[in-house]
Amino acid sequence: MQKVLLIIFFIFSININSQEDNITCVWTGNDYLNNTNWGNASNWTACNGGYPSGSSAVVNVKSGNSDNKTITLDRDITLKQFKHGGTYGGAWTLAQPSGGSNTLTLEGTGVSQVWQHNREDVQWTIGANITIDAATTSTKELKLGTSSHSNNSITFSNASTLTLSSDTSLRFVFDKDGHTVTFNGTVTGGSGRDIIFKDFHTVTFGSSVVMTGYLGDLDFFATQNSGSGTGTSTSGGVTVNGDVRAREVHLGSSDMTINTSASLTCTRDSSAASTLRTDGTGKFIVKASRTASASLIAKFATGSPNIRFDRETDGDSEWTLIGVPVVGEIVSDITGLRAGSGSHSGKVAIGYFDNALNNGEYVYYNSGASTELELGKGYLISPDGSGVQTISFTGTGYFSSTLVQEPVTVESGTYGNWNLVGNPYLSYLMLTDNVDDSVNSFLEVNKGNIDNSAEAVYAWDGAEWDIYNKTSNTVNHIAPGEGFFIYARNGGTGMNMNFKEDMQKNGKGLNFNASMVNGGDDKNISSLNLRIEDLENGDSDKIRLYFNNLCSRGLDPGYDARKFFVKNSVRVFTKLLVEDKGIKLGIQALPFSDLKNVIVPIGINTSSSKIKFSVYERDLSHLYNVFLEDRLLNKIMKLDNPIEISLDEDENGLGRFYLHFTDGMIPELTTDDELRIFKSSENSIRIMGLPNQIYKAKIYDLSGRLLNYKEFKHYSYLNDIDVKTIKILKIESDKKTVIKKFNIE
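Residues numbered from 1 in each chain as written. Predicted model: local features only at pLDDT ≥ 70, side-chain atom pairs only at ≥ 80, totals over all residues. Heavy atoms only, no water.

**Some thoughts on the state of the cysteines**
When the sulfur atoms of two cysteines share a covalent bond, that bond is a disulfide.
Point 1. Per the stated rule, a full pass over the model turns up one disulfide.
Point 2. Through a disulfide, Cys25 is tied to Cys47; the S-S separation comes to 1.9 Å. Judged by the sign of its S-S torsion, about 70°, the cystine formed by Cys25 and Cys47 is right-handed. Of this pair, Cys25 sits in strand S2 (residues 24-27) while Cys47 sits in the loop between strand S3 (44-45) and strand S4 (51-52); the two residues are 22 residues apart in sequence, bridging distant segments of the chain. Like Cys25, the residue Cys47 is buried in the burial classification. (Disulfide = S-S within 2.5 Å. Helix = DSSP H or I, 4+ residues; strand = E, 2+ residues; numbered from the N terminus. Buried < 20%, exposed > 50% of the residue type's maximum accessible area, 1.4 Å probe, protein only.)

Written out as structure tokens, the structure reads:
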């Protein structure tokens, strides 16, 4: 009986030592070899044998040991204040136990600063949840250090959630250059509960930050004590690497850099205040690489916030099409552009396309020109130097709900319908109505002023021209700073390309320079990209064949798209299979079912003596085969590897080459005019003729006995053919009769 009592007493003693103590306690971590739990009383001193928690509880981290610098928040804790001073600096962690979701609530009763760094060289990583919850409406502070300290930081890890209660704002106090705050986790807070960064702030929002539940403002000032008013920051900066969202964002004299693939969204839904504001020399810097871009949306911004848009471009005399998403930039202010030479001496490598000049021509500005660049207009630029170069455009942002309207015209001449335009916003724009929004996409809004054979945008990717429309899968948005061509419809007057705020989207990935992957996961969408190379001159051209249940063999606006006016030594195109009007297509859309049985004519214009056909992107099922037919050489070749063909004379259009799509087998069998006769299996053949022609097919043996008969339109299969003997095939139409002797063994 005595042993039982001792055991009970021992358990009772542990419970007493794990009690909450609403007093000031000192962390030692002396029991770290057992665990680093907050609730372990052996890790604390001056704590009445328990652990600190309560509205008057204060934590002092001022002793401990050099072997362990982790505190594990193994339960929910409330504090008045958390302070770090004393002997041990370096990297510390407030951790969460495995599978835990505990919260440290900082109330700050009677004090303004709920977290203090009272020594230098201390870096805290917060891996647990933190809530700032004052007893009354107020602003609480986290002090990174003082002017005599250096190298202090707080990092909220991706495992943390920082929450501002409904009556509390939060202010970070720095006091000296070199102290930093980083947000990698979740930030939440209600409307009017702001986060303020005072004085020498250096702040980073990481790529994993989540702010969809944050409804307050972000203020970056020196002397500001609330979410309104002005301030003057003397140093520091803000870096955005993820998706940052806030009701309003205000800058003093520090810059906010929004890096490639990151975004900033101001969520205020009315114009009652300045959504985006720069009160001093600070500016928002939006960066775009060759393949992706940062983006910024502030739909109800007032005033004229300072903006710098940095666009990476290819050097080595390469050209890039751009739009200019700032107001007030003039040609002479742009640095880093190539100087003109020869006939362009005195010019600088920035210009526009004039479809009325000499049948369509690029026009370049004079060096030092004071011309202001226009929102919505497209330009081409070429930087000086080699490799990747950055061209900067500086001005104020355009955040009005008023449409940006860029006039487009139709002039005489070969290129009179082509107009070069550009994205005027610092955000991505929805391109087509089959992503995000069926109403507010660029092509949907502007389709009335674009020819229905060219409901697409035409962009230069640094090496060749690409066409983007509903057949595009990876690139469905127009990035900030992108320029592109459209083909205006005939007969229109007073036409514009309209850009509207409702087209805007943040964080939509790839620019026109990025590698394009077509097709998708939909089992009823497939595509194939065919490239033709001039093996003499090194030029190439390409077309895309796209198969979708929504498409037909005729013109499908938004899917079919005419060729761009590329001037290579080789050009390739297709034509409509039904109701062709002579339009040369760069994208041809067809019914998905046509993968089983369609022939597509391939037009080629070249003076080369040798060309190469190759498939460079394909997402067709392995059940479908693609064959290239050369009717001059009477060959049908499976297009699973590049095919080189020698040309004895110039190729000038259609009639020689055809692509066959089939779910059967096509060996090299004889053909005759418009009729194609293929072996489709070991005992059947397929006959294909003109799409609207009626045919009668009869098979006889050599004695004249009729073995098989079928009447059909366009194409048909003749099955169950004896493979052991030679037979005679007779095909009749109202145009001609064809007789063939064959054996499919």
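Resuming the write-up.
**Considerations on the packing of aromatic side chains**
Point 1. On inspection of all chains with the given rule, the structure shows 37 aromatic pairs.
Point 2. A network of ring pairs unites the aromatic residues Phe353, Tyr362, Tyr415, Trp418, Tyr458, Trp460, Trp465, Phe485, Tyr487, Phe564 and Phe565 as a single cluster.
Point 3. Lying across the ring of Tyr352, Lys377 places its NZ or CZ 4.8 Å from the centre.
Point 4. Above the face of the Tyr487 ring, Arg562 is positioned so that its terminal group lies 4.2 Å from the ring centre. (Phe/Tyr/Trp six-rings, centres within 6.5 Å; stacked < 30°, edge-to-face > 60°. Lys NZ or Arg CZ within 6 Å of the ring centre and 35° of its normal.)

**As for the side chain of Thr313**
Point 1. Here Thr313 lies in strand S31 (residues 306-314).
Point 2. If sequence neighbours within four positions are ignored, Thr313 has contacts with Thr320, Ile381, Pro383, Gly387, Val388, Gln389 and Ile391. (Contact = heavy atoms within 4.5 Å.)

**Things to note about the nonpolar core**
Point 1. Membership of the largest hydrophobic core comes to 85 residues, with the highest contact counts inside it found for Trp38, Phe172, Phe183, Phe205 and Leu218.
Point 2. Residues in contact with Leu218, not counting those within four places in the same chain, are Ile195, Phe197, Phe205, Met211, Val244, Ala246, Glu248, Val249 and His250.
Point 3. Counting 30 residues, the second-largest nonpolar core is a separate cluster that includes Phe592, Leu620, Leu628 and Ile645. (Core = buried A, V, L, I, M, F, W, Y, C linked by side-chain atoms within 4.5 Å.)

**Some details on the sheet that holds strand S51 (residues 597-606)**
Point 1. Taken in spatial order, the five strands make up an open sheet running S49-S51-S56-S53-S54, and their pairing is antiparallel. Two strands bound the open sheet, and with one partner strand each, they are strand S49 (570-573) and strand S54 (635-638). Neighbour-to-neighbour, the strand axes of this sheet turn through a mean angle of 30°, independent of strand direction.
Point 2. Judged from the six bridges that link them, strand S53 (residues 625-630) and strand S56 (residues 651-662) form a sheet pairing that is antiparallel. When the bridges of S56 are listed, Phe627 appears paired with His660. (Pairing = 2+ DSSP bridges. Axes fitted to C-alpha atoms, helices over the stretch in contact; angles between N-to-C directions.)

**Considering the confidence of the model for the protein chain**
Segments scoring low in pLDDT should not have their predicted coordinates read at a detailed level.
Point 1. Scored by pLDDT, the protein chain has a mean of 87; 91% of the residues are at 70 or more.
Point 2. Ranking the elements of the protein chain by mean pLDDT puts helix H1 (residues 2-17) last with 39 and strand S13 (residues 129-132) first with 98.
Point 3. With pLDDT under 50 throughout, residues 224-233 is counted as low confidence; its partners more than four residues away or in other chains account for 33 contacts.
Point 4. When the criterion is pLDDT under 50, residues 515-522 qualifies, and its contacts beyond four places in sequence or with other chains add up to 21 contacts. (pLDDT = per-residue confidence, 0-100.)

**Quick notes on the side chain of Ser160**
Point 1. Secondary-structure assignment places Ser160 in the loop between strand S15 (153-156) and strand S16 (161-164).
Point 2. Taking relative accessible area as the criterion, Ser160 reaches 2% and is therefore assigned buried.
Point 3. Here the side chain of Ser160 touches Ser157 through a polar contact of 2.7 Å, landing on its backbone oxygen.
Point 4. Aside from chain neighbours lying at most four places away, what touches Ser160 is Ile126, Gly127, Ala128, Asn129, Gly185 and Thr186. (Polar contact = N/O pair within 3.5 Å; in protein donor to acceptor, adjacent residues only side chain to side chain.)

**Examining the sheet that holds S15**
Point 1. Read from one edge to the other, the open sheet built from eleven strands follows the order S6-S9-S12-S15-S18-S21-S23-S26-S29-S31-S36, with strand pairing classed as mixed. Lying at the two open borders of the sheet, with one neighbouring strand each, are strand S6 (70-72) and strand S36 (388-396). Pairs of neighbouring strands in the sheet enclose a mean axial angle of 15°, with direction left out of account.
Point 2. Alignment of S15 against strand S18 (residues 180-183), held across four bridges, turns out to be parallel. Residue pairing for S18: Phe156 is matched across the bridge by Phe183.

**Things to note about unusual backbone geometry**
Excluding glycine, residues mostly have negative phi values, and the peptide bonds linking residues are mostly trans.
Point 1. The residue Asp199 is not glycine, and still its phi comes out positive at about 50°.
Point 2. Turning to its location among the elements, Asp199 is positioned in the loop between strand S20 (195-198) and strand S21 (202-205).
Point 3. Given a relative accessible area of 9%, Asp199 falls into the buried group.
Point 4. A positive phi angle, near 65°, is found at Ser317, a position not held by glycine.
Point 5. With respect to the helices and strands, Ser317 occurs in the loop between S31 and strand S32 (320-323).

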